[in-house]
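Observations on chain architecture
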Amino acid sequence: MTEPVANVEQISGPQPQSGFSGTDIPAYDDYAHCVHCGLCLNQCPTYKLWGLEADSPRGRIRQIVLVDQGRLPLGDSFVKHIDRCLDCRACETACPSGVEYGKLVESARAQIEQNYRRPFFSRLSRDFVFRGLLPHPQRIAALARLLCFYQRSGLQSFARATGILRLLGLADREKLLPPIDRKFFFSQLGTTYPALGPRRARVALFAGCVAQVSFSALHEATIRVLTANGCEVVVPARQVCCGALAAHAGVRDVARSLARINLDVFLADEFDAVVTNAAGCGSTLKEYEHLFPPGTLEHGKARDFRKKMRDVTEFLAELGLSANLSAQPMRVTYQDSCHLLHGQKIREAPRKLLRAIPGLELVEMNMADYCCGSAGSYNITETQASLALLAEKMKHARATHAPVIVTANPGCLLQMRAGAEIYATGQEVVHVMELLDRALAKANS
Ligand code: SF4
Ligand code: SF4
């Protein structure tokens, strides 16, 4: 089954002008590598879901080319197919020609942001999230307090029981809300945690934005694991959101402003590495260079920063675990995070750390490298597609008979926890750092 892409070939006119203008135009050098071989198609979750060429990597690249050539309008159809991409980058891993699809789709989204007028409510919500909320830690904290009240006061149970959420069309999205912490990680910005025993490395922890109000426990576990393995951990005070969600949505001016702040903060001190426990953030942090033109001061800083930036699993696997770990006799399965596997090309490091835990049995899940449907804010903007991918994922997770699912990204954790609840699989979903932390705690008790 195919759709508009074939038809748009018929659109032509005298001396067509590019449909792209402004900044962040998809580069000819990037899309010209695509030889239309189609080897990426079967790795693409949205192509598998709908079977449409227009929702495949090859089809989307073709649409980008046609808009660039002025042969397809930058209109509703183009926006629909580009919006429906997860930006999971599985196609990049599959592509033998080395097409950097992530760069292309993010530029296409930047063009949509600049040259397409979305419906009123969509504009309002995007402005609120990407410009009004994520760059402002105080506002994130204020909204989190409201959500915390909703979740802990009984309002949430009431709203769920009465069916009002279903009436408002919010029932599915509400299930995906992160549980809000009682105490936010913001209070720990500016703290330094000394290494236990001889210092082997000095690292900075990237703490993120939403993670600071809903994954404080994960950050604390990460710090315990790092310090127990001889790392001094600094949590720099002025750090801000990495800008990944804004960059993925095409709101590149905001992503650039955030990147400038983080580059200044993390390059101001001497660290052996800057580490993150969020693969989605890590992928963008490592690619800050894409946000700035070559030859600019920021591009140079981004290049220096990339050399320091590590996913925490990558860093620890390289450094080697030195702390004692107790036996954790359990069967676990690992779900690859797209932005760790496809974005950062890290497959082995988290598995190596899991295998280092005595007694732990790691069983591979079928299609572990296939997106769970979280994909940044995709589960909010394209909820039905996200839930369809989650259903498939939970089928494979259940088939492993592992009571514990492990992953390396907070977004995947939330999505898979929602999946375990929706499909009543009874599985616990944890981060690699949380399992290592458990093994440490027992070893030291
Ligand atoms: S695998 Fe690469 S070259 Fe082949 S169609 Fe997909 S993006 Fe193009
Ligand atoms: S990024 Fe993912 S969803 Fe988008 S085209 Fe590539 S494989 Fe498909």
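Please refer to the structure higher up on the page.
One structure accompanies this document, and this report is about it. Note that the coordinates shown come from a computational prediction; the quantities given were computed from them, not determined experimentally.

1. Comments concerning the site of ligand 1
Neighbouring residues of ligand 1: Cys34, Val35, His36, Cys37, Gly38, Leu39, Cys40, Arg58, Ile61, Cys95, Pro96 and Ser97. Among the residues making up the shell around ligand 1, the classes are represented as 8 nonpolar, 3 polar and 1 charged.

2. Digging into the packing of helix H4 (residues 57–68) against helix H5 (residues 76–83)
It is at 10 Å that the axes of H4 and H5 come closest, and there the two elements cross at 145°. Pair H4 / H5 crosses with left-handed handedness. Residue-level inspection shows Arg60, Gln63, Ile64 and Val67 of H4 in contact with H5, the latter providing Ser77, Phe78, His81 and Ile82. In the contact of H4 with H5, the residues fall into 4 nonpolar, 3 polar and 1 charged.

3. A few points about the nonpolar core
The biggest cluster of nonpolar side chains holds 58 residues, and the ones touching the most others in it are Val203, Leu226, Phe315, Val406, Val432, Met433 and Leu435. The biggest single contributor to this core is helix H25 (residues 432–443), with 6 residues. Excluding residues that lie within four positions of it along the chain, Val203 makes contacts with Leu226, Cys231, Glu232, Val233, Val234, Phe271, Ala273, Val275 and Phe315. In this structure, Phe206, Val234, Leu258 and Ala278 belong to the second largest nonpolar core, which totals 41 residues.

4. Some remarks on the packing of aromatic side chains
Within the structure shown, the criterion is met by 5 aromatic pairs. Both rings, one in Phe20 and one in Phe78, keep their centres 6.3 Å apart while their planes meet at 50°; by these two values the pair is tilted. With Phe20 in the loop between helix H1 (5–8) and helix H2 (28–31) and Phe78 in helix H5, this pair connects stretches of sequence that are 58 residues apart. Centroid distance Phe206 to Phe266: 6.1 Å. Interplanar angle 50°. Geometry classified as tilted. Of this pair, Phe206 sits in the loop between strand S2 (201–205) and helix H13 (211–214) while Phe266 is found in helix H16 (residues 252–267), placing the two residues 60 residues apart along the sequence. As far as burial versus exposure is concerned, Phe206 and Phe266 are alike and both buried. Joined through ring pairs, the aromatic side chains of Phe206, Phe266, Tyr288 and Phe305 make up one cluster. One residue, Arg84, lies across the ring of Trp50, its end atom 4.0 Å from the ring centre.

Calculation criteria
- Residues numbered from 1 in each chain as written.
- Chains lettered and ligands numbered in written order.
- Predicted model: local features only at pLDDT ≥ 70, side-chain atom pairs only at ≥ 80, totals over all residues.
- Heavy atoms only, no water.
- Near = heavy atom within 4 Å.
- Nonpolar A, V, L, I, M, F, W, Y, C, P; charged D, E, K, R; others polar.
- Axes fitted to C-alpha atoms, helices over the stretch in contact; angles between N-to-C directions.
- Helix = DSSP H or I, 4+ residues; strand = E, 2+ residues; numbered from the N terminus.
- Left-handed = near helix turned anticlockwise from the far one by under 90°.
- Contact = heavy atoms within 4.5 Å.
- Core = buried A, V, L, I, M, F, W, Y, C linked by side-chain atoms within 4.5 Å.
- Buried < 20%, exposed > 50% of the residue type's maximum accessible area, 1.4 Å probe, protein only.
- Phe/Tyr/Trp six-rings, centres within 6.5 Å; stacked < 30°, edge-to-face > 60°.
- Lys NZ or Arg CZ within 6 Å of the ring centre and 35° of its normal.

This is a description of form; function is not addressed.
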